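# Report on the structure
Next come the chains, spelled out residue by residue.
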Amino acid sequence: MMPEMSGKEFIDHLKKDSRWNAIPTIVLTAKSSFRLKKEIIGTGCNAYLIKPFDPEKLVDKVKELLQIDRRQRDQPE
C-alpha cells in the first residue's frame, strides 16, 4: 500500500498532468478484483499485474510498452 494515495489515485494524477501523461504505467498489486482492474485501466494505466507475478512477464510487458511507444513516436503526424 502506498502511504499517501492509492495506486489508482496516483495513476489518475499522473495521467492528468501533461508533463507525465505520456509515460507508460504498470500497476503491480495484490488486489485481483475485476472491478478494480477495470477502474485502474480506465485511468489510462497501460498494464495491471497481480502479485505474485512472474518477473519475465513484467519484463515482457515493459518491452511491449517500449515498442508501442517507439512505433507511436516514429509515425509521421
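Note: the structure precedes this text.
About the thresholds
- Counting restarts for each chain, with residues numbered from 1 along the sequence as it is written.
- Where local features are concerned, this predicted model is filtered to residues with pLDDT of at least 70; where side-chain atom pairs are given and counted, the filter is 80 or more; whole-chain, interface and lining totals use all residues.
- Note that water and hydrogens are dropped before the side-chain values are worked out from all heavy atoms of the structure.
- For the purposes of this entry, the term helix denotes a DSSP run of H or I that reaches at least four residues, the term strand denotes a run of E that reaches at least two, and both are numbered from the N terminus.
- Burial here depends on accessible area, computed with a 1.4 Å probe over protein chains only, as a share of the maximum for the residue type. Under 20% is buried, over 50% is exposed, and the range in between is partly exposed.
- The definitions used throughout rest on a 1 Å grid laid over the protein atoms alone, on which a cavity is an enclosed set of points accommodating a 1.4 Å probe that cannot get out and a pocket is an open set flanked by protein within 12 Å on both sides along at least five of seven lines; lining residues are those having an atom within 4 Å of a point.
- Grid points are joined across faces, edges and corners, and a volume is the space filled by probe spheres set on the points.
- Throughout, the ten residues Ala, Val, Leu, Ile, Met, Phe, Trp, Tyr, Cys and Pro are labelled nonpolar, Asp, Glu, Lys and Arg are labelled charged, and all others, Gly among them, are labelled polar.
- Each helix should span, by expectation, one fewer than its residue count multiplied by 1.5 Å.
- Two N or O atoms form a polar contact when they lie within 3.5 Å of each other; inside protein one atom must be a possible hydrogen donor and the other a possible acceptor, and for residues adjacent in sequence the pair counts only when both atoms belong to side chains.

For the protein chain, the count of helices and strands is three helices and two strands. Reading the protein chain from its N terminus to its C terminus gives the helix and strand order α-β-α-β-α. With respect to the three principal axes, the spread of C-alpha positions in the protein chain is 40 × 30 × 20 Å. Relative to its full complement of 77 residues, the protein chain shows a buried share of 19%.

All right, on to the layout of surface pockets then. In this structure, the largest pocket spans a volume of roughly 430 Å³. Lining the largest pocket are 19 residues, with Met2, Gly7, Val27, Leu28 and Thr29 sitting closest to its centre. Mapped by element, the contributors of at least two residues to the lining of the largest pocket are helix 1 (7-16), strand 1 (26-29) and helix 2 (34-42). At five residues, helix 1 tops the list of elements feeding residues into the lining of the largest pocket. Residues that form the lining of the largest pocket fall into these classes: twelve nonpolar, four polar and three charged.

Over its 20 residues, helix 3 (residues 55-74) runs 29 Å from end to end, which matches the ideal 28 Å to within 8%, given 1.5 Å per residue. Residue aspartate 54 occupies the N-cap position of helix 3, its side-chain oxygen lying 3.0 Å from the main-chain nitrogen of glutamate 56.

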